[in-house]
Amino acid sequence: MPLTKDLIFGLGRTLGKLHKLSSEFCPVNNNRNDWEETACWMEDVLSTFPDETAAKSELSILKAYFSKLPTTKENFGLIHYDFEPDNIFYNEITKIYNPIDFDDAMYHWYALDIEQSLDSIKEDMPEEQVEPSVNEFIKGYRLEYAISDEMLKLLPIFRRYVNLYGYVRILRSVEEKWNNEPDWMINLRIKLKNLLDRRKDTFTMPI
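Conventions adopted
- What you see as residue numbers is a count from 1 along each chain, following the sequence as written.
- Totals for whole chains, interfaces and linings use every residue, but because this is a predicted model, local features are given only for residues with pLDDT of at least 70 and side-chain atom pairs only at 80 or more, for both listing and counting.
- Where side-chain values are given, they derive from all heavy atoms of the structure, hydrogens and water being excluded.
- Helix and strand assignments follow DSSP, with helices taken as H or I runs no shorter than four residues and strands as E runs no shorter than two, numbered in order from the N terminus.
- Note that the radius of gyration is over C-alpha atoms, with the globule rule given as 2.2 Å times the number of residues to the power 0.38.
- Joining through side-chain atoms within 4.5 Å is the link that ties buried Ala, Val, Leu, Ile, Met, Phe, Trp, Tyr and Cys residues into a set, and such a set is a nonpolar core.
- Partly exposed residues are those whose accessible area sits between 20% and 50% of the maximum for their type, while under 20% is buried and over 50% is exposed, using a 1.4 Å probe and protein chains only.
- In what follows, a contact means two residues having at least one pair of non-hydrogen atoms within 4.5 Å.
- Only the six-membered ring of Trp is used, alongside the rings of Phe and Tyr, when aromatic pairs are assigned; centres must lie within 6.5 Å, and planes under 30 degrees apart are stacked while those over 60 apart are edge-to-face, with the rest tilted.
- Axes, fitted as lines to C-alpha atoms, cover a helix only where it is in contact. Angles between the N-to-C directions of the axes lie from 0 to 180 degrees.
- Note that the term roughly parallel is reserved for angles under 35 degrees, roughly antiparallel for angles over 145, roughly perpendicular for angles of 65 to 115, and oblique for everything else.
- By definition, turning the near helix anticlockwise from the far helix through less than a right angle yields a left-handed crossing, and turning it clockwise yields a right-handed one.
- Residue polarity follows a fixed list, in which Ala, Val, Leu, Ile, Met, Phe, Trp, Tyr, Cys and Pro are nonpolar, Asp, Glu, Lys and Arg are charged, and the others, Gly among them, are polar.
- We count a salt bridge whenever a side-chain nitrogen from Lys or Arg sits within 4 Å of a carboxyl oxygen from Asp or Glu.

Novice: Which residues make up the overall build of the protein, and what values go with them?
Specialist: What the protein contains, in helices and strands, is eight helices and four strands. Going from N to C terminus, the protein has its helices and strands arranged as α-α-α-β-β-β-β-α-α-α-α-α. What you see for the protein is a C-alpha radius of gyration of 18 Å, in line with the 17 Å of a compact globule of 207 residues. Its C-alpha atoms give the protein principal-axis dimensions of about 50 × 40 × 35 Å.

Structure representation (structure tokens):
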């Protein structure tokens, strides 16, 4: 289904509702990691890769930055992390959006969820449609929950966190190799290697 203006507005509104619920949520048992615990996990994984100096430096930069970023009940809480159209069931009759796949949920700034969702919406979208789509999404979001312009300016930094986390997960997943791997796996390794190289090129830029 193509992403129309109304659908993008609805996605933003749904994420705003989700974050509003999260801001009021008080778990009995907090069994989801926060950004710092996830960063520590990345640090542990990278410690086994001596040549990953750029990724280690990127992690240090982001940890230092986020450690100084204010966390409040309004801007920080349990996020979906993978809020993209593929993980939203939409009922055309009732106009209800139902998010699925909360496997990667963690405690982070709500703005990271916004960045993740916008990134998936903008994928393969013509350049002239990007800004109107972003505006429509934010308009829908703000109908349900507040997000400051100052926090929205930080979306590129949250993208760096996402890119690094994805990089480390891929790095770890392709570490183990087997003899006589099938062609599809060999081709997949090549694609993942190219993806890692592209992401590595973005590491260690000043904030």
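Novice: Could you give me a rundown of the nonpolar core, with the residues and numbers involved?
Specialist: Counting residues in each nonpolar core, the largest one holds 55 residues, and the members touching the most others are Phe-66, Ile-114, Phe-137 and Phe-158. At 11 residues, helix H7 (residues 155–173) tops the list of elements feeding residues into this core. In this structure Ile-114 touches Leu-15, Phe-137, Ile-138, Tyr-141, Ile-147, Leu-152 and Leu-155, once residues within four positions along its chain are discounted.

Novice: An account of the packing of aromatic side chains is needed here, citing residue identities and associated values.
Specialist: Tallied over the full model, the rule gives 14 aromatic pairs. Arranged with centres 5.7 Å apart and planes meeting at 75°, the rings of Phe-66 and Tyr-161 form a pair that is edge-to-face. Taken together, the residues Phe-66 in helix H3 (residues 53–67) and Tyr-161 in helix H7 connect sequence positions 95 residues apart. For the pair Phe-66 and Tyr-161, a shared accessibility class is recorded, and that class is buried.

Novice: Tell me what's going on with the packing of helix H2 (residues 35–46) against H7, and back it up with residues and numbers.
Specialist: Running from amino to carboxyl end, H2 crosses H7 at an angle of 40°, the nearest separation of the two axes being 10 Å. As far as their axial angle goes, H7 and H2 are oblique. H2 and H7 meet at a crossing whose hand is left-handed. Of H7, the residues touching H2 (which contributes Trp-35, Thr-38, Ala-39, Trp-41, Met-42, Val-45 and Leu-46) are Tyr-161, Leu-164, Tyr-165, Val-168, Arg-169, Leu-171 and Arg-172. Across the contact of H2 with H7, the residue classes tally to 11 nonpolar, one polar and two charged.

Novice: Tell me about the pattern of salt bridges, residues and numbers included.
Specialist: Inspection of every chain in the model, using the stated rule, returns 12 salt bridges. Ionic pairing is found between Glu-52 and Lys-200, a salt bridge with its closest N-O pair at 4.0 Å. Here Lys-200 lies in helix H8 (residues 183–200) and Glu-52 lies in the loop between H2 and H3, a separation of 148 residues in the sequence. Overall, the relative accessible area of 31% leaves Lys-200 in the partly exposed class. In this structure, the salt-bridge partner of Arg-142 is Asp-149, at a minimum N-O distance of 2.7 Å. Salt bridges linked by common partners bring Glu-115, Asp-119 and Arg-159 together as one network.

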